[in-house]
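Examining the three-dimensional arrangement
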Amino acid sequence: MSGLLKLSAIIDKTTELVGRTLYWLILITVLISTTNAVSRKFFNASSNAWLEMQWYLFSVIFLGCAGYALLRKEHIRIDIVASHLSERANHRIALFGHVFFLVPLCLIMLYESWPYFIESWRIGEVSSNAGGLIRWPAKLMIIVGFGLLLMQGISEIIKQIGVMRGVYVDPRSQPKTH
């Protein structure tokens, strides 16, 4: 179990690094959006490429930070139910959800997205909008995002088993109050 917990720690550090790095894309996205809106309003000039860049950056943020949200326990939970269950029951539900829902979903998305990306890359797919961007980077983000989420899901499974066996104490297990 200690080897798996070390693997989990490496995954967690990687996820933390990716999440904290991608935070900065929010600022860049806001700046691009603001610049595009100002140029459209005051100079009657706009660019489809800048609009699509916002879309691409949003997909990078959303897909790239899904694992980070899971690591930080910021994902959607049904706290009204969880608060009435024992800690042991919550651990079992979390483990069940990760093993039977999260991991299969990530694997299906990776399997189904790969040909979609490869074909886009192979043909050099470009947006149909005038001045639009190439499409394969956005499709690649589906694969990268679900790959990162899968890795973090595996880390959460390892930690959950460690908690249930009494060999690991999750520092993020305490519910946050917002």
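This structure is a prediction, so every number in the text was calculated from the model and none was measured.

Once that is clear, we can look at the side chain of Asp12. Mapped onto the fold, Asp12 is located in helix α1 (residues 2–43). The buried category is assigned to Asp12, whose relative accessible area is 11%. Among residues more than four places away in sequence, those in contact with Asp12 are Leu71, Gln152, Ser155, Glu156 and Lys159.

Quick look at helix α5 (residues 87–123) now. Helix length check: α5, at 37 residues, gives a terminal C-alpha distance of 52 Å against a target of 54 Å (1.5 Å per residue), a fit within 8%. A bend of about 35 degrees at His98 is the largest found in α5. If you check which residues of α5 are buried, you get Asn90, His91, Ala94, Leu95, His98, Leu102, Val103, Cys106, Ser113, Phe117 and Ser120. Those residues of α5 hidden inside the fold are in contact with α3 (66–71), α4 (79–82) and α6 (136–165). Looking at the residues trailing α5, positive phi occurs at Gly124, about 65 degrees.

Here helix α2 (residues 48–64) spans 24 Å end to end across 17 residues, near enough to the 24 Å set by a 1.5 Å rise per residue. Looking only at α2, the buried set comprises Ala49, Glu52, Gln54, Tyr56, Leu57, Ser59, Val60, Ile61, Leu63 and Gly64. Its buried side turned inward, α2 meets α1, α3 and α6.

Before going further, it helps to examine unusual backbone geometry. Located in the positive-phi region is Asn44, a residue other than glycine, with phi close to 50 degrees. If you trace the backbone, Asn44 turns up in the loop between α1 and α2. In this structure, Lys73 is a non-glycine residue whose phi angle is positive, near 60 degrees. Taking the relative accessible area as the measure of exposure, Lys73 reaches 23% and is therefore partly exposed.

This paragraph deals with the packing of α2 against α6. Put simply, α2 and α6 touch, their axes get as near as 8 Å, and they point 15 degrees apart. It follows that α2 is roughly parallel to α6 by the angle criterion. As for the relative orientation of α2 and α6, their crossing is right-handed in sense. Where α2 approaches α6, its residues Trp55, Tyr56, Ser59, Val60, Leu63 and Gly64 are matched on the opposing element by Ala138, Met141, Ile142, Gly145, Phe146 and Leu148.

Moving on, we get to the packing of α5 against α6. Viewed as axis vectors pointing N to C, α5 and α6 meet at an angle of 160 degrees, and their least axial separation amounts to 8 Å. As far as their axial angle goes, α6 and α5 are roughly antiparallel. Taken as a pair, α5 and α6 cross one another with a handedness that is left-handed. By residue class, the composition of the contact of α5 with α6 is 25 nonpolar, seven polar and three charged.

What follows is about the pattern of salt bridges. What the rule picks out here adds up to six salt bridges. Taking the shortest distance from any N to any O, the salt bridge between Glu16 and Arg20 comes out at 2.7 Å. Of this pair, Glu16 and Arg20 are both found in helix α1, four residues apart, which corresponds to roughly one turn of the helix. Here Lys73 ties to Glu156 by a salt bridge, and the two come within 3.1 Å at their closest N and O atoms. Of this pair, Lys73 sits in the loop between α3 and α4 while Glu156 sits in helix α6, and the two are 83 residues apart along the sequence. Within this structure, Asp12, Lys73, Glu156 and Lys159 form a network of salt bridges that share partners.

A cluster of nonpolar side chains, namely Tyr23, Trp24, Ile26, Leu27, Val30 and Leu31, defines an oily patch on the protein surface of about 630 Å² accessible area. Within the element layout of this structure, Tyr23 appears in helix α1.

Conventions and cut-offs
Residues numbered from 1 in each chain as written. Predicted model: local features only at pLDDT ≥ 70, side-chain atom pairs only at ≥ 80, totals over all residues. Heavy atoms only, no water. Helix = DSSP H or I, 4+ residues; strand = E, 2+ residues; numbered from the N terminus. Buried < 20%, exposed > 50% of the residue type's maximum accessible area, 1.4 Å probe, protein only. Contact = heavy atoms within 4.5 Å. Expected span 1.5 Å × (residues − 1). Bend = angle between axes of the 7 residues up to and from the residue. Axes fitted to C-alpha atoms, helices over the stretch in contact; angles between N-to-C directions. Parallel < 35°, antiparallel > 145°, perpendicular 65-115°, else oblique. Left-handed = near helix turned anticlockwise from the far one by under 90°. Nonpolar A, V, L, I, M, F, W, Y, C, P; charged D, E, K, R; others polar. Salt bridge = Lys/Arg side-chain N within 4 Å of Asp/Glu carboxyl O. Patch = residues over 30% accessible without salt bridge, like charges linked within 9 Å, V, L, I, M, F, W, Y side chains within 5 Å. Areas by Shrake-Rupley, 256 points an atom, 1.4 Å probe, with all protein chains shown as cover.

Nothing here speaks to function; it is geometry throughout.
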